[in-house]
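So the chains spell out like this:
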Amino acid sequence: MNLSNDDRCAVDLLLEHAAPGGSTSCLANAPTAEIGARLTAVEQVLKSLDHYRIAEPPSDLLDRTLAACNSHPTRHLPREAVTPSTVMNAR
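Calculation notes
- Residues numbered from 1 in each chain as written.
- Predicted model: local features only at pLDDT ≥ 70, side-chain atom pairs only at ≥ 80, totals over all residues.
- Heavy atoms only, no water.
- Helix = DSSP H or I, 4+ residues; strand = E, 2+ residues; numbered from the N terminus.
- Buried < 20%, exposed > 50% of the residue type's maximum accessible area, 1.4 Å probe, protein only.
- Contact = heavy atoms within 4.5 Å.
- Areas by Shrake-Rupley, 256 points an atom, 1.4 Å probe, with all protein chains shown as cover.
- Salt bridge = Lys/Arg side-chain N within 4 Å of Asp/Glu carboxyl O.
- pLDDT = per-residue confidence, 0-100.
- Patch = residues over 30% accessible without salt bridge, like charges linked within 9 Å, V, L, I, M, F, W, Y side chains within 5 Å.
- Polar contact = N/O pair within 3.5 Å; in protein donor to acceptor, adjacent residues only side chain to side chain.

A. Local environment of the overall build of the protein. Regarding its fold elements, the protein presents four helices and zero strands. Shown N-terminal to C-terminal, the secondary structure of the protein runs as helices and strands in the order α-α-α-α. The burial tally for the protein puts 10% of its 91 residues in the buried class. Across the protein, contacts joining residues at least 24 apart in sequence account for 52% of those joining residues at least 6 apart. Only carbon and sulfur atoms are counted for the fraction: they give 58% of the accessible area of the protein, which is about 7800 Å².

B. Main features of the pattern of salt bridges. Enumeration according to the criterion identifies two salt bridges in this entry. The partner of R38 in a salt bridge is D7, with the nearest N and O atoms 2.6 Å apart. Note that R38 is positioned in helix α2 (residues 35-48) and D7 in helix α1 (residues 5-18), a separation of 31 residues in sequence. Between R64 and D60 there is a salt bridge; the shortest N-O distance is 3.2 Å. Given the relative accessible area of 45%, R64 is considered partly exposed.

C. Fine view of the confidence of the model for the protein. Of the residues in the protein, 62% have a pLDDT of 70 or more, and the chain-wide mean is 76. Per-residue pLDDT, averaged within each element of the protein, yields its smallest value for helix α4 (residues 84-90) (66) and its largest for helix α3 (residues 61-71) (87).

D. Highlighting the environment of A41. Within the element layout of this structure, A41 appears in helix α2. With a relative accessible area of 23%, A41 lands in the partly exposed category. A41 sits 30 residues away from V11 along the chain, and the two C-alpha atoms are 9.8 Å apart.

E. Fine view of a nonpolar patch on the surface. Taken together, the side chains of L49, Y52 and I54 make up a nonpolar region of the molecular surface, amounting to roughly 390 Å² of accessible area. Tracing the backbone shows I54 in the loop between α2 and α3.

F. Main features of the side chain of D7. For D7, a relative accessible area of 14% puts it in the buried group. A distance of 2.6 Å separates polar atoms of two side chains, one belonging to D7 and the other to R38. Excluding anything up to four places from it in sequence, D7 contacts R38 and V42.

And the structure:
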């Protein structure tokens, strides 16, 4: 699925407006006169997501993700293994 510039702009405007200090660069390409309709359509799609029940992620998700990341060899510079404590301290 490809989004038009107006659709991308509508998504940016709605999501970045919800984030504190959000600013958008979606208007790099001039939106068409239909941007209002696209905003309404995107808002309806995003609101429909509120009806989905989302299960909490597994408590060991961070550990399993980091273990998977650390188990794959890298072609980049050597790095220290990432642990949950380094991730939590970086926040």
